[in-house]
Every structure is written in structure tokens, then in C-alpha cells.
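# Structural overview for review
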Amino acid sequence: MQTDDPITNLINAFSRLPGIGERTASRLAFFVLNQPEDLATELAEALVRVKSEVGLCAKCCNLTQGELCRICVDPKRDAASICVVEGPTDLRAIERTGEFRGRYHVLHGLISPLEGIGPDDIHVKELLTRLQTTDEDEEVSEIIIATSPSVDGEATALYLSRLLKPIGVKVTRIASGIPIGGELEYADRVTLSRALTQRREI
Ligand code: ZN
């Protein structure tokens with residue numbers, strides 16, 4: 001909500017960010033106000049640029065500045081296995097383990113029957129299209145479902161395995177080690193890397 005008061009506007013804008021309450025929003029607003037102008041300029045420019053320059057990879061829906069992301073264009077990455085994750089932060093977490101040399105598919109959400117989020121609300125269709133249209137040298141033999149072991153993460157994994165198995169592709173799920181109900185992006189490197197190597201077929 002825009003008002004005539006620029007400070008109120010900034011506080012309102014900060015309050016819309018996740019994990020930021022009104023008190024923190026006020027603190028941030030007054031901090032920015034008291035800093036030299038270049039901080040405000042840098043912040044404003046970075047915010048505008050991230051929205052205008054970053055889009056979704058045409059192949060895997062990862063965030064990218066070009067048409068395809070750096071993982072999809074990397075010839076050293078194994079095109080035969082695709083790791084399906086909820087969001088870009090999960091992709092980053094798995095990349096940090098250094099354990100996975102395949103490619104990804106980013107769903108940008110999870111299926112949540114309770115919240116009315118269905119397969120059409122996340123990027124499932126793109127995965128299906130991708131499997132049906134890949135070139136011969138990019139044939140996919142395994143889909144690793146690396147969603148969090150939460151209710152929605154399990155619902156999504158189950159849906160995907162039922163959808164993908166008839167295509168004749170092996171579908172695996174990352175092993176436990178990730179606490180039930182836990183968030184993938186907060187798992188430590190060793191736990192996540194073990195979960196990946198001990199994945200099982202579903
Ligand atoms: Zn990509």
C-alpha cells in the first residue's frame with residue numbers, strides 16, 4: 001500500500017519480505033535512511049536488475065540470465081540423470097555437496113492438496129515435455145526426486161513417480177537422513193550428500 005510518506009512506504013515494502021516483521025522493517029528503513037546514498041542506489045539497482053534480467057531456464061526452469069542455465073549448457077554434466085527439486089535454493093544446496101553431476105529440474109513449488117496447489121501450479125509440465133522431446137544423445141535414464149521429506153514433498157514425489165514410470169524411466173527418491181518434516185535447503189552438506197548417494201527406487 002502506497003502512502004504519501006516515503007518512510008512508511010519503505011517500511012511497508014520491507015514488511016512484505018519473508019521473515020521480516022514490522023519492527024525489523026522499521027530498523028532496516030531507518031538504517032538505509034541514515035547511510036550514505038550509494039547504499040540506497042545499490043540496493044534499488046540490484047532489486048530492479050534481478051527482476052528484469054533473471055528468468056527461468058527454457059530447459060530446467062532453474063534461474064538464469066540467458067535462455068539456458070549454466071548447468072544445462074555445461075557439456076560435462078550428465079544429461080542421463082535429472083534431479084527434481086522444489087526450488088533454486090535446493091539446487092544450490094545439492095550443488096554444494098559436489099555429489100551430483102547430472103542435471104536438474106526446478107519445480108518452483110510442491111503439490112499441496114491441503115493448500116489447493118496442484119501439478120498445474122508448479123513446473124511439472126515442463127519436465128514431461130523435456131522427457132518427451134530430448135535429443136537422442138540426451139536420453140534420460142533416471143529421475144531423482146529430491147523434494148523435502150515433508151507431507152507436500154512426499155505427495156509431490158508420489159505424484160511424479162506415478163506420472164513418470166509409465167514413460168519407462170527409472171524414478172528414485174533421496175534416502176532419509178533428511179529429518180522428516182525438515183527443509184532440504186537447511187540440511188548440512190554431509191547429510192544431503194548421503195541422502196543423495198543412498199537414494200532408492202520408488
Ligand atoms: Zn537449465
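Residues numbered from 1 in each chain as written. Predicted model: local features only at pLDDT ≥ 70, side-chain atom pairs only at ≥ 80, totals over all residues. Heavy atoms only, no water.

A count of helices and strands for the chain gives 7 helices and 7 strands. For the chain, the succession of helices and strands along the chain, N to C, is α-α-α-β-β-β-α-β-α-β-α-β-α-β. Along the three orthogonal principal directions, the C-alpha set of the chain runs to about 60 × 35 × 35 Å. The buried share among the 202 residues of the chain stands at 39%. When contacts within the chain are restricted to residue pairs at least 6 apart in sequence, long-range pairs at least 24 apart make up 56% of them. Charge-centre separation for the chain: the mean point of 23 positive side chains lies 6 Å from the mean point of 31 negative side chains. (Helix = DSSP H or I, 4+ residues; strand = E, 2+ residues; numbered from the N terminus. Buried < 20%, exposed > 50% of the residue type's maximum accessible area, 1.4 Å probe, protein only. Contact = heavy atoms within 4.5 Å. Lys, Arg positive; Asp, Glu negative; His and termini not counted. Charge placed at Lys NZ, Arg CZ, Asp CG, Glu CD.)

Let us now look at the pairing of strand E4 (residues 102-106). Within E4, 5 of the 5 residues are buried, which leaves the element mostly enclosed by the surrounding structure. Looking at chain direction, strand E3 (residues 78-85) and E4 are connected through 5 bridges and run parallel. Following the sheet pairing, Ile82 is matched in E4 by Arg103. Handedness of the crossover joining E3 and E4 through helix H4 (residues 88-97) is recorded here as right-handed. (Pairing = 2+ DSSP bridges. Right-handed = clockwise from strand over helix to strand, strands pointing away.)

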